[in-house]
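Listed below are the residues making up each chain.
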Amino acid sequence: PHTGRLALYLLGLQATCPSPSPHRSLVTWLKYYLEEDWTGSRRHGHPLTSYYQYGLGVLALCVHHKRVREEVIRRLLTAQHHGKLGHGGNAVDTEAVVALAFTCLERRRLVGSGLAAELRAAADGTSRNMAETQGPDGIIGNIYSTPWALQVFLATGACQTEPAFGQAVDALLENLDAFGTAATMAQVLPALHGRSYLDVASMHCREEPDTLTPLDMEPLAEVLGNKTVQLVVECPLPWCYELRLYDHAVPVPATASLLDVLQAAAALEHHNFRFHTRDTPQGPFLTQVLGLEARQEKRNYWQLLTAPNTPLQMGIADYRPQDGETLILRLSEW
């Protein structure tokens, strides 16, 4: 089911102040996808897509002023209480989406008073946890998950009292060049304007001027030459037959991203390097390297680092390594 994609589309559609008729059937489809998505729990213990997409679906329905069955909401509450919402930056994204959905349902009075109190407590707890996990650089999770955390602070009102809010805003302003895709811009711009996705539900469309104008962008200056990146694959888990599975220098063009490095390594003869990715709204996500697959049910993922041990704050399509840099793909547990 395309739960997350349709949810994001409906959120964007609502923000454009459309007439009611075009998207009524899409809201019905989203309700259907939410039910289809949950069929995965019978086999895997989690939605067929992810809790992130499932939470987005509930949020989109709420923003469109549609009631959600209590059983659907309880699924997210149970997942949050049992720590099933992911790891690292992915956990911040998922927890934030779920907290926004809870806050929307409580604020729009789409649930009973008892459940509303539970949802408010869960959202407030998420806000506190995010503040506690903030790094010394102001980033929460990673640079791309930080806007989600800011939206939670804004939605719950913690932005007025929580010092982590101002520190996170400063971190975003120092790293704006990381937000180069439409999906990442859509996450960071509301937060920098003091808004969250919940504000889409209360827009006054008659007061919204048409401010969309074409933007003439100058082409980026061409960078000539090549660079060499040392690519390392590690598996420190007990069931791996050795720690370092791959360690080779990979020549690439000077402007190459990490994704370009992986593709170049796969094209080299006699190295037998192979990898797989999964498309997400934030860009390609690394899922398998050298036949080793990261799976949520096994609680592992491919961690991206620059040597010796610094986690990357960008995705594989956005990070552009320097000449001579060593990049490590490490299969890790969460």
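As shown above, the structure is provided for reference.
The numbering scheme is per chain: residues are counted from 1 as the chain's sequence reads. The predicted nature of this model means local features are confined to residues of pLDDT at least 70 and side-chain atom pairs, given and counted, to a pLDDT of 80 or more, with totals for whole chains, interfaces and linings taken over all residues. To get the side-chain values, take all heavy atoms of the structure and skip hydrogens and water.

Draft legend 1. Summary view of the sheet that holds strand S3 (residues 275-280). Pairing in this open sheet of three strands is antiparallel, and the strands run S3-S4-S5 from one edge to the other. Here the strands that pair on one side only, and so sit at the sheet edges, are S3 and strand S5 (292-293). Relative to S5, strand S4 (residues 283-289) runs antiparallel, the two being bridged by two bridges. Note that in S5 the partner of Val289 across the bridge is Leu292. Contacting S3 and S4, helix H11 (residues 258-267) crosses the sheet at an angle of about 150° to S3. Strand pairing is assigned whenever DSSP detects at least two bridges linking the two strands. Each helix is a run of DSSP H or I of at least 4 residues and each strand a run of E of at least 2, with the numbering of both proceeding from the N terminus. Any two residues having at least one pair of non-hydrogen atoms within 4.5 Å are treated as being in contact. Interaxial angles span 0 to 180 degrees and are taken between N-to-C directions of axes, which are lines fitted to C-alpha atoms, for helices over the stretch in contact.

Draft legend 2. Focus on the packing of aromatic side chains. In this analysis, rings of Phe, Tyr and Trp, with Trp reduced to its six-membered ring, are considered paired at centre separations within 6.5 Å, and the interplanar angle assigns stacked below 30 degrees, edge-to-face beyond 60, and tilted for intermediate values. Enumeration over the complete set of coordinates arrives at 11 aromatic pairs. Seen in terms of ring centroids, Trp38 and Tyr54 are 5.2 Å apart; in terms of plane orientation they differ by 45°. Their pairing is tilted. Taken as a pair, Trp38 in helix H2 (residues 24-38) and Tyr54 in helix H4 (residues 51-63) lie far apart in primary sequence, 16 residues in all. When a residue's accessible area, from a 1.4 Å probe over protein chains only, is under 20% of the maximum for its type it is buried; when over 50% it is exposed; and in between it is partly exposed. Classification of Trp38 by relative accessible area gives buried; the value is 17%. On the basis of relative accessibility, which here comes to 0%, the residue Tyr54 falls in the buried class. Here Trp148 and Tyr197 contribute two aromatic rings whose centre-to-centre distance is 5.4 Å and whose plane-to-plane angle is 80°, an arrangement assigned as edge-to-face. Of the two residues, Trp148 is situated in helix H8 (residues 146-156) and Tyr197 in the loop between helix H10 (182-192) and strand S1 (226-234); the sequence distance between them amounts to 49 residues.

Draft legend 3. Just the environment of Thr103, in detail. With respect to the helices, strands and loops of the structure, Thr103 is situated in helix H6 (residues 88-107). Once the C-alpha coordinates of Thr103 and Thr156 are considered, the two residues, 53 residues apart in sequence, prove to be 7.1 Å apart. With sequence-adjacent residues up to four places away left out, Thr103 is seen in contact with Ala123, Ala155, Thr156 and Leu198. Within polar-contact distance, the side chain of Thr103 engages the backbone oxygen of Ala99 at 2.8 Å. What qualifies as a polar contact is a pair of N or O atoms within 3.5 Å, subject to a donor-acceptor requirement within protein and to the restriction that residues adjacent in sequence count only when both atoms come from side chains.

Draft legend 4. Region of the structure containing the sheet that holds strand S7 (residues 310-311). Taken together, five strands build an open sheet; the order of strands is S2-S1-S8-S6-S7 and the sheet is mixed. Unpaired on one side and paired on the other, strand S2 (244-253) and S7 mark the two borders of the sheet. In the sheet, strand S6 (residues 300-306) pairs with strand S8 (residues 326-333) via seven bridges, with the strands oriented antiparallel. Bridging across to S8, Trp302 finds its partner in Leu331. In this fold H11 packs onto S1, S2, S6 and S8, with an angle of close to 105° to the strand it touches most, S2.

Draft legend 5. Up close: the environment of Cys205. Positionally, Cys205 belongs in the loop between H10 and S1. For Cys205, a relative accessible area of 35% corresponds to the partly exposed category. Taking the C-alpha atoms as reference points, Cys205 and Gln14, separated by 191 residues in sequence, lie 9.8 Å from one another.

Draft legend 6. The state of the cysteines, seen in detail. Note on disulfides: each one is a pair of cysteine sulfur atoms within 2.5 Å. Enumeration according to the criterion identifies one disulfide in this entry. Linked covalently through their sulfurs, Cys62 and Cys104 form a disulfide whose S-S length is 2.0 Å. Because the torsion about its S-S bond is -95°, the bridge between Cys62 and Cys104 counts as left-handed. On the criterion of sequence distance, the pair formed by Cys62 in helix H4 and Cys104 in helix H6 is long-range, its members being 42 residues apart.

Draft legend 7. How the structure looks around the pattern of salt bridges. We define a salt bridge as a contact between a side-chain nitrogen of Lys or Arg and a carboxyl oxygen of Asp or Glu at a distance within 4 Å. Scanning all chains against the criterion turns up nine salt bridges. For the salt bridge of Arg75 with Glu71, the shortest nitrogen-to-oxygen distance reads 3.1 Å. In this pair, Arg75 and Glu71 both sit in helix H5 (residues 70-81), four residues apart, roughly one turn of the helix. Here Arg120 and Glu106 are joined by a salt bridge, their closest N and O atoms 2.8 Å apart. Of this pair, Arg120 sits in helix H7 (residues 113-132) while Glu106 is found in helix H6, placing the two residues 14 residues apart along the sequence. Take Arg120: its relative accessible area is 38%, and that puts it in the partly exposed class.

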